[in-house]
Amino acid sequence: LYGYAGNTLRIDLSAGKVEKEPLKKEWVDEFIGGRGFTSKILYDENPPNVEPFDPENRFIIAMGPLSGLFLPASGKTHFCTKSPATGGYGDSNMGGHFGVNMKYAGYDVTIIKGKAKEPSYIFIDNDTVEIRPAGQYWGKGSTEVESAMKEELGEEYQILTIGEAGENLVNFACISHDFGRQAGRIGIGAVLGSKNIKAIVARGTKSIPVFDPKGLLKKGKETYAACREKPGFKGWTPEGTAGITNWCNDVGALPTRNFQTSHCDYADKINGKAILKELKITDKGCFACPIPCGKYGHAKTKRGNVYVEGPEYETLSLLGSNCELDDIHGIAYTNYICDEVGIDTCSAGAVVSFALECYEKGYISKEEMGMDVKWGDLDSIVHILNIIAKREGIGDTLALGVQGAAEKIGYDSSKFAIHVKGLEWTGYESRNAPGMMLGYMTSDIGAHHGRCWVLGSDVATAVGGDKNATVHDLISGDSDFDTIPKADHKNVVPLVLKSQHLRPAFDILGTCRLQYMEIGLETEYYEELYYYATGKKMDFNKDLLLLSEKIWHLNRMFNKREISDFGRKYDYPPARFYEEKIPNGPNKGHVMDLGVIEEMLDTYYEARGWDENGIPTQATLEKHNLTV
Ligand code: SF4
């Protein structure tokens, strides 16, 4: 199998058993790799209706055919499990250097089940795979453990860890790696914690067979050169995702004060330029990336000075403006705390701002909170993050995420618990962005921008402009609006579907999507790289996007199987977005109409081939050769 290491690794933690088997050819032929593999395997191998923290819930790691092949940004690792946040299909993607070492060690797919008898770590060094005790690391912070393990085992080992939050089964615990890279979403770290696994260590030194090594090398070099020649290259790398902060604020999409509004007057203090001026020491990139977007920096606060990677845009918006924290050093410090205790900064920002609003309204008492907390106060935010990780006081409730916390706290708090399907909404306020809102609503894993990003088209429908502009085009254009007219919700469905199908394509191949999305690298490069790696012809816009679509149907069927009343009602946004008008900023007065939400859902379901309850019809399943 050209392009693949050729093996699946199976680890049964309860039995202490490790098995290796050849990678199934039918997985390769039908699902190619990465997210394709995880969707298929989770559906087929997870026992139906198993609880997320049941030892039988599978934890899957998968690479793609382009992973690790010295091609631009070919170091993404895909993780998958049944999500504790949503109870449905969950996956999360991570950069860095871990996955390529798994592939060099010989494994395209790793499937972990069971629960270790004691705190443990999994050690993988080529053919040596062992479950080792990790008592000395349990209770320690993620980067602290990564440093200590590198000290113990050697710098060349790539390590992923969970923090205290993962050990304590916080529903939005993440996996950390490479001192600042995370698989952040869906509570993937909590599932590892439920299996008593503190870390996974990988080192691989084997080669991967490719169909045409010379052709691949030549095309790989051309692809690197093409990335550097793109107009977006110079604009993207200096600030990375943080470069979009002011644009989001100018178009009224920056979540502020728990999504009460979408604009703040201090964006200049918390944007990419502030990171460069105040924090940055160096750029930091994932394996083989030509456009490194990570920023490694030094934050100085009254609580102490820390080194941290980030903050990225999502952290700036959700732990910054959404919590009213207007200090770049303070935001970086909260980023550091999240990394250390091992929680996703997106969900963390949404949960902390939800807690601050509950506290302000008197729904959480000072006694439950453990101190008097305030918007924009670093001590308050850090306190809430810490009690969540330790599950102390109200932190035990907040550890459920905003949906679960609102159910316990009561009053009208579910109206401002900002999530879809149980996963917290990320950094794009969408009351005047119907396409973006529909993307969030219909995402298989809950409210995650990584599944669909069409905010630029929404803004273009309201103010004019290019609906297909890249992010670079958007942020380098004029976007300083006093007011923005109502965006048009008609015709958003094709754009949402296109975005929802494009994004899995990169997760399937095992590359970062940002070279395509942010700087406009053409899809033809991926077709040719895939050919030289595997020897197979693939039409990106036909074959690969069709597989993306198939995965979308399969994950929807997984959710239907696992959630007893799954259907249309799981696709609604929080009530705040259709009941409360935006009080200020360029989108002042806008609110999403419930009738528009229904209309968009009807159109979307019809276009997908789903019934009025959002379930794939038999004809749709047959068309995609899905027997579920
Ligand atoms: Fe990693 Fe950023 Fe490069 Fe993507 S663009 S591979 S996330 S450094």
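Residues numbered from 1 in each chain as written. Predicted model: local features only at pLDDT ≥ 70, side-chain atom pairs only at ≥ 80, totals over all residues. Heavy atoms only, no water.

This part takes up the overall build of the chain. Helix and strand counts for the chain come out as 27 helices and 17 strands. Taken over C-alpha atoms, the radius of gyration comes to 23 Å for the chain, in line with the 25 Å a tight globule of 628 residues would show. Reported as C-alpha extents along the three principal axes, the dimensions of the chain are approximately 60 × 50 × 50 Å. The proportion of buried residues among the 628 residues of the chain is 66%. Put simply, 71% of the contacts in the chain that link residues at least 6 apart link residues at least 24 apart. Computed over 70 positive and 87 negative side-chain charges, the inter-centroid distance for the chain is 3 Å. (Helix = DSSP H or I, 4+ residues; strand = E, 2+ residues; numbered from the N terminus. Rg over C-alpha atoms; globule rule 2.2 N^0.38 Å. Buried < 20%, exposed > 50% of the residue type's maximum accessible area, 1.4 Å probe, protein only. Contact = heavy atoms within 4.5 Å. Lys, Arg positive; Asp, Glu negative; His and termini not counted. Charge placed at Lys NZ, Arg CZ, Asp CG, Glu CD.)

Looking now at the packing of aromatic side chains. Counting across every chain of the model gives 28 aromatic pairs. Relative to Phe-37, the ring of Tyr-4 lies with its centre 6.4 Å away and its plane at 40°, an arrangement referred to as tilted. With a gap of 33 residues between them, Tyr-4 in the segment before strand 1 (7-12) and Phe-37 in helix 2 (residues 34-45) connect regions that are remote in the sequence. Judged by its relative accessible area of 0%, Phe-37 falls in the buried class. An aromatic cluster is defined as three or more aromatic residues linked by ring pairs; in this entry it consists of Tyr-2, Phe-211, Tyr-531 and Tyr-532. Lying over the aromatic face of Phe-123, Arg-132 brings its terminal NZ or CZ to 3.7 Å of the ring centre. Stacked on the ring of Tyr-43, the Lys or Arg Arg-561 has its end atom at 4.5 Å from the ring centre. (Phe/Tyr/Trp six-rings, centres within 6.5 Å; stacked < 30°, edge-to-face > 60°. Lys NZ or Arg CZ within 6 Å of the ring centre and 35° of its normal.)

Inspection of every chain in the model, using the stated rule, returns 49 salt bridges. Put simply, Glu-222 and Lys-219 hold a salt bridge, and the shortest N to O gap is 2.9 Å. Remark: Lys-219 and Glu-222 occur in helix 7 (residues 213-229); sequence separation between them is three residues, near one turn of the helix. Here Arg-568 makes a salt bridge to Glu-598, at a shortest N to O gap of 2.9 Å. A residue pair is termed long-range when its members are at least 10 positions apart, and Arg-568 in the loop between helix 24 (540-562) and helix 25 (576-579) and Glu-598 in helix 26 (residues 594-608) qualify at 30 residues. Judged by relative accessible area, which is 14%, Arg-568 ranks as buried. (Salt bridge = Lys/Arg side-chain N within 4 Å of Asp/Glu carboxyl O.)

Near the ligand, the surroundings consist of Ala-73, Lys-76, Arg-181, Gly-285, Cys-286, Cys-289, Ile-291, Pro-292, Cys-293, Cys-512, Leu-514 and Gln-515. Looking at the shell around the ligand residue by residue, the class counts come to eight nonpolar, two polar and two charged. (Near = heavy atom within 4 Å. Nonpolar A, V, L, I, M, F, W, Y, C, P; charged D, E, K, R; others polar.)

Right, let's get into the sheet that holds strand 1. Strand pairing in a sheet takes place through backbone hydrogen bonds and is either antiparallel or parallel in direction. Across the sheet, which stays open at both edges, the six strands sit in the order 2-1-6-3-4-5 with mixed pairing between neighbours. Sheet topology places strand 2 (17-22) and strand 5 (89-94) at the edges, where each strand pairs with a single neighbour. Neighbouring strand axes in the sheet, compared pairwise and without regard to direction, differ in orientation by 15° on average. Bridging between strand 1 and strand 2 involves six bridges; their strand directions are antiparallel. Following the sheet pairing, Asp-12 is matched in strand 2 by Lys-17. Here helix 3 (residues 98-105) sits on the sheet in contact with strand 3 (59-62), strand 4 (77-82), strand 5 and strand 6 (109-113), set at roughly 95° to strand 4. (Pairing = 2+ DSSP bridges. Axes fitted to C-alpha atoms, helices over the stretch in contact; angles between N-to-C directions.)

Of all six residues in strand 7 (residues 120-125), six are buried, a share of seventy percent or more. Across the two faces of strand 7 the burial is the same, with Ser-120, Ile-122 and Ile-124 and Tyr-121, Phe-123 and Asp-125 all buried. Across six bridges, the pairing between strand 7 and strand 8 (residues 128-133) is antiparallel. Within strand 8, the position partnered with Ser-120 by the bridge is Pro-133. Taken together, strand 7 and the strand that follows it, strand 8, pair antiparallel across an intervening segment of two residues, in which Asn-126 is found at a positive phi of about 50°. Inspection of the sheet shows strand 7 paired to strand 12 (residues 197-203) by six bridges, in the parallel sense.

Bringing helix 19 (residues 455-463) into the picture now. Counting buried residues along helix 19, seven of its nine residues qualify, which places the element largely inside the surrounding structure. Taken residue by residue, helix 19 has Leu-455, Gly-456, Ser-457, Asp-458, Val-459, Ala-460 and Ala-462 as its buried positions. Phi turns positive, to about 90°, at Gly-464, one or two residues after helix 19.

Attention now moves to the domain arrangement of the chain. Interfaces are frequently sized by the accessible area removed from exposure as the parts join. We note that the domain assignment places domain 1 (7-203), domain 2 (237-416) and domain 3 (418-520 + 539-628) within the chain. On a C-alpha basis, the centroid separation for the pair domain 2 and domain 3 is 24 Å. Across the contact, 35 residues belong to domain 2 and 38 residues belong to domain 3. It is Trp-247, Phe-259 and Lys-415 that lose the most area in domain 2 upon contact with domain 3, and together they represent 25% of the buried surface on that side. Along the contact surface separating domain 2 from domain 3 lie two salt bridges. With a closest N to O distance of 3.1 Å, Glu-579 and Lys-415 form a salt bridge. Connecting domain 2 to domain 3 are 17 residue pairs in polar contact (both at pLDDT 80 or more). Among the elements of the structure, helix 9 (245-250), helix 11 (313-320), helix 13 (345-360) and helix 17 (401-409) are those that each provide at least two residues to the side of domain 2 that touches domain 3. Top contributing element to the side of domain 2 that touches domain 3 by residue count: helix 13, with five residues. Class assignment of the residues belonging to the side of domain 2 that touches domain 3 gives a composition of 18 nonpolar, 12 polar and five charged. (Domains from an automatic or database assignment. Buried area = accessible area lost by both parts, 1.4 Å probe. Polar contact = N/O pair within 3.5 Å; in protein donor to acceptor, adjacent residues only side chain to side chain.)

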